[in-house]
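# Structure at a glance
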Amino acid sequence: FCFFIGMATGVQTFVSQNHGAGKDRLCGIWAWHGMAFLLPATALSGLLCYLAMEPLLGLLVDSDTMLPIATSYMSIRTLGVVGMVAAMVLSSFFRGISDTRTPLYIALFANGLNVVLDYGLIFGRLGLPEWGVEGAATATVISEWALAGVMLAVFLRPGLRRKFGTGKVALSWKDQRRLIRTGAPIGGQWILEMLSFAFFLVLVARLGDIAMAASQAFLALLSLSFMQASGLGIAVATLVGRYIGSNDPDDAEKSFRSGMLLSFFISGTLGLLFFLIPEQLIGIFSDDPEVIRMGTSLLFVGAIFQFFDAFGIVADGALHGAGDTRVPFIVRFILAWGLFLPLAWYLGFYLDGGLNAAWIGGAIHIFLLSVYLIWRFQSGAWRKIEI
């Protein structure tokens with residue numbers, strides 16, 4: 001479902017550019033365009049996954065004990081994917097009009113609801129049935145639909161209807177094609193990154209349980225940088241889109257540079273922590289001496305990795321805001337499958353460099369990708385793009 005979630009973020013580009021152009025009454029229709037195309041496609045994919053869940057998971061899960069549990073959990077989870085994608089479309093609308101607080105508050109509510117329902121449905125508390133793993137899945141599905149439902153209720157408020165035309169449903173195939181043309185490469189990018197990284201983790205798993213545990217702790221710490229960079233990328237995408245819509249490309253470039261500067265300070269601070277207190281950070285996740293030893297050396301690589309990754313995420317957000325999505329997707333594909341995975345295998349396995357060497361391959365990939373994305377925006381190619 002990464003494709004549908006990624007494509008839903010393309011709605012933000014159209015909303016922000018119309019908002020910047022002063023065409024507020026046209027902003028709401030783009031959310032309806034996103035839902036009209038993505039929700040039926042998501043529902044169909046969810047149905048296919050539901051019907052084929054056991055044989056699909058059978059390819060991945062060797063344990064006879066785990067397979068029925070995983071099948072049950074994932075089958076229930078497919079019932080929430082339409083709500084999840086709807087919520088992403090509506091979040092993209094709000095972010096496009098520079099309202100980032102509304103998605104935050106509603107997400108806090110939905111996550112809080114998920115926690116309460118998890119407690120009740122897993123363990124049979126709060127007067128709810130004890131469903132165990134199925135309860136965990138059910139809690140998440142209810143929370144996903146609650147997220148979408150509250151988001152839709154806010155989207156349809158009278159004030160937003162009047163200002164942004166959120167109640168107007170007048171779809172056209174021409175606009176649908178425009179959204180697909182811009183959003184599909186973003187969805188493809190999400191799939192590409194998830195798949196290439198999943199293959200990379202399969203390689204890491206072959207290095208043993210200690211290496212996998214160290215990598216998981218490392219990834220959790222990397223998310224401290226990744227999530228903040230993602231937030232910056234969303235903000236930059238909104239501002240770039242708005243300034244392009246108002247025919248002010250110079251301020252769009254200023255927003256890009258501001259995002260780069262903030263990214264430098266955030267990733268630089270976290271990188272410094274990775275260098276100064278690596279053992280304490282890994283120790284949060286494991287007390288195994290071998291995991292701490294391996295994870296500590298890995299954080300030195302991570303300091304460099306997350307530094308360049310943050311720049312790339314912000315530059316990617318700027319390109320999304322400008323609607324420049326197709327060429328970057330092609331370059332990502334080439335770098336991920338032509339460089340990242342072969343280099344990680346070559347350094348980590350062929351040269352017997354182990355975990356650190358495999359991740360160094362990932363760091364080289366991220367460095368080159370970030371350099372390209374920054375160059376792509378600074379080249380001004382986006383100035384010639386009409387979405």
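Anyway, here's the lowdown on the structure attached to this text. Treat the numbers as computed from the prediction; the structure is a model and nothing was measured.

The next subject is the overall build of the protein chain. In terms of regular secondary structure, the protein chain is built from 16 helices and zero strands. Scaling as 2.2 N^0.38, a compact globule of 387 residues should have a C-alpha radius of gyration of about 21 Å, and the protein chain matches this with 22 Å. Here the C-alpha coordinates of the protein chain stretch approximately 60 × 55 × 35 Å along the principal axes. For the protein chain, with 387 residues in total, the buried portion stands at 50%. Restricting the contact set of the protein chain to residue pairs at least 6 apart, pairs at least 24 apart contribute 79%. Just so you have it, the protein chain exposes about 18,300 Å², and 67% of that area is on carbon and sulfur atoms. Computed over 25 positive and 25 negative side-chain charges, the separation of the two mean positions in the protein chain equals 18 Å.

Moving on, we get to the packing of helix H11 (residues 209-245) against helix H12 (residues 249-276). For the pair H11 and H12, interaxial distance at closest approach is 9 Å and the crossing angle is 175°. It follows from the interaxial angle that H11 and H12 lie roughly antiparallel. Within the contact between the two elements, H11 uses Leu221, Leu222, Leu224, Ser225, Gln228, Leu232, Val236, Leu239, Val240, Tyr243 and Ile244 and H12 uses Pro249, Asp251, Ala252, Ser255, Phe256, Gly259, Leu262, Ser263, Ile266, Ser267, Leu270 and Phe274. Residue composition of the contact of H11 with H12, by class: 16 nonpolar, six polar and one charged.

Let us look at the pattern of salt bridges. Tallied over the entire structure, the rule returns nine salt bridges. As a salt-bridge pair, aspartate 250 and arginine 383 come within 3.7 Å of each other at their nearest N and O atoms. Residue aspartate 250 is found in helix H12, and its partner arginine 383 is found in the segment after helix H16 (354-378); the two are separated by 133 residues along the sequence. The exposure class of arginine 383 is partly exposed, given its relative accessible area of 40%. Of the charged contacts, one joins arginine 383 and glutamate 253 as a salt bridge, the two residues approaching to 3.1 Å between their closest N and O atoms.

Moving on to the packing of aromatic side chains. Here a ring pair, both rings aromatic, is described through the centre-centre distance and the interplanar angle of the planes. Following the criterion strictly, the structure yields 26 aromatic pairs and no others. Measuring from ring centre to ring centre gives 6.1 Å for phenylalanine 93 and phenylalanine 164, while their planes differ by 85°; the resulting arrangement is edge-to-face. Taken together, the residues phenylalanine 93 in helix H6 (residues 81-96) and phenylalanine 164 in helix H9 (residues 158-164) connect sequence positions 71 residues apart. Like phenylalanine 93, the residue phenylalanine 164 is buried in the burial classification.

Residues Leu272, Leu273, Phe275, Leu276, Ile277, Phe300 and Ile304 make up a contiguous nonpolar surface patch of about 620 Å² in total accessible area. The set of elements that each furnish at least two residues to the nonpolar patch consists of H12 and helix H14 (289-322). Counting residues per element, the nonpolar patch draws most heavily on H12, which supplies four residues. Inspection of the secondary structure assignment puts leucine 276 in helix H12.

Counted by the stated rule, this structure contains zero disulfides. Cysteine cysteine 49 is unpaired, with the sulfur of cysteine 2 as its nearest cysteine sulfur at 11 Å. Cysteine 49 gets classed as partly exposed once you look at its relative accessible area, which sits at 26%.

Positive charge collects at one region of the surface, where Lys174, Arg177, Arg181 and Arg326 lie side by side. Per element, the largest residue contribution to the positive patch is three residues, and it comes from helix H10 (residues 173-205). With respect to the secondary-structure elements, lysine 174 resides in helix H10.

Before going further, it helps to spend a moment on the nonpolar core. One finds Phe93 and Phe94 to be the most contacted residues of the largest nonpolar core, which totals 36 residues. Secondary structure elements with two or more residues in this core: helix H1 (2-8), helix H2 (10-20), helix H3 (27-51), H6, helix H7 (101-123), helix H8 (133-155) and H9. The element contributing the most residues to this core is H6, with nine residues. When residues no more than four places from it in sequence are discounted, the contact partners of phenylalanine 93 are Val11, Val15, Cys27, Gly28, Ala31, Phe155, Phe164 and Thr166. Leu201, Met294, Leu298 and Ala358 belong to the second largest nonpolar core, which has 28 residues in total.

On to the packing of H2 against H6, then. Interaxial distance between H2 and H6 falls to 8 Å at its minimum, and their mutual angle equals 25°. Taken together, the axes of H2 and H6 lie roughly parallel to each other. For the crossing formed where H2 meets H6, the hand is right-handed. Listed contacts from H6 to Val11, Gln12, Val15, Ser16 and His19 of H2 are Val89, Ser92, Phe93, Arg95 and Gly96. For the contact of H2 with H6, a count of residues per class yields four nonpolar, five polar and one charged.

Rules and cut-offs
- Residues numbered from 1 in each chain as written.
- Predicted model: local features only at pLDDT ≥ 70, side-chain atom pairs only at ≥ 80, totals over all residues.
- Heavy atoms only, no water.
- Helix = DSSP H or I, 4+ residues; strand = E, 2+ residues; numbered from the N terminus.
- Rg over C-alpha atoms; globule rule 2.2 N^0.38 Å.
- Buried < 20%, exposed > 50% of the residue type's maximum accessible area, 1.4 Å probe, protein only.
- Contact = heavy atoms within 4.5 Å.
- Areas by Shrake-Rupley, 256 points an atom, 1.4 Å probe, with all protein chains shown as cover.
- Lys, Arg positive; Asp, Glu negative; His and termini not counted.
- Charge placed at Lys NZ, Arg CZ, Asp CG, Glu CD.
- Axes fitted to C-alpha atoms, helices over the stretch in contact; angles between N-to-C directions.
- Parallel < 35°, antiparallel > 145°, perpendicular 65-115°, else oblique.
- Nonpolar A, V, L, I, M, F, W, Y, C, P; charged D, E, K, R; others polar.
- Salt bridge = Lys/Arg side-chain N within 4 Å of Asp/Glu carboxyl O.
- Phe/Tyr/Trp six-rings, centres within 6.5 Å; stacked < 30°, edge-to-face > 60°.
- Patch = residues over 30% accessible without salt bridge, like charges linked within 9 Å, V, L, I, M, F, W, Y side chains within 5 Å.
- Disulfide = S-S within 2.5 Å.
- Core = buried A, V, L, I, M, F, W, Y, C linked by side-chain atoms within 4.5 Å.
- Left-handed = near helix turned anticlockwise from the far one by under 90°.

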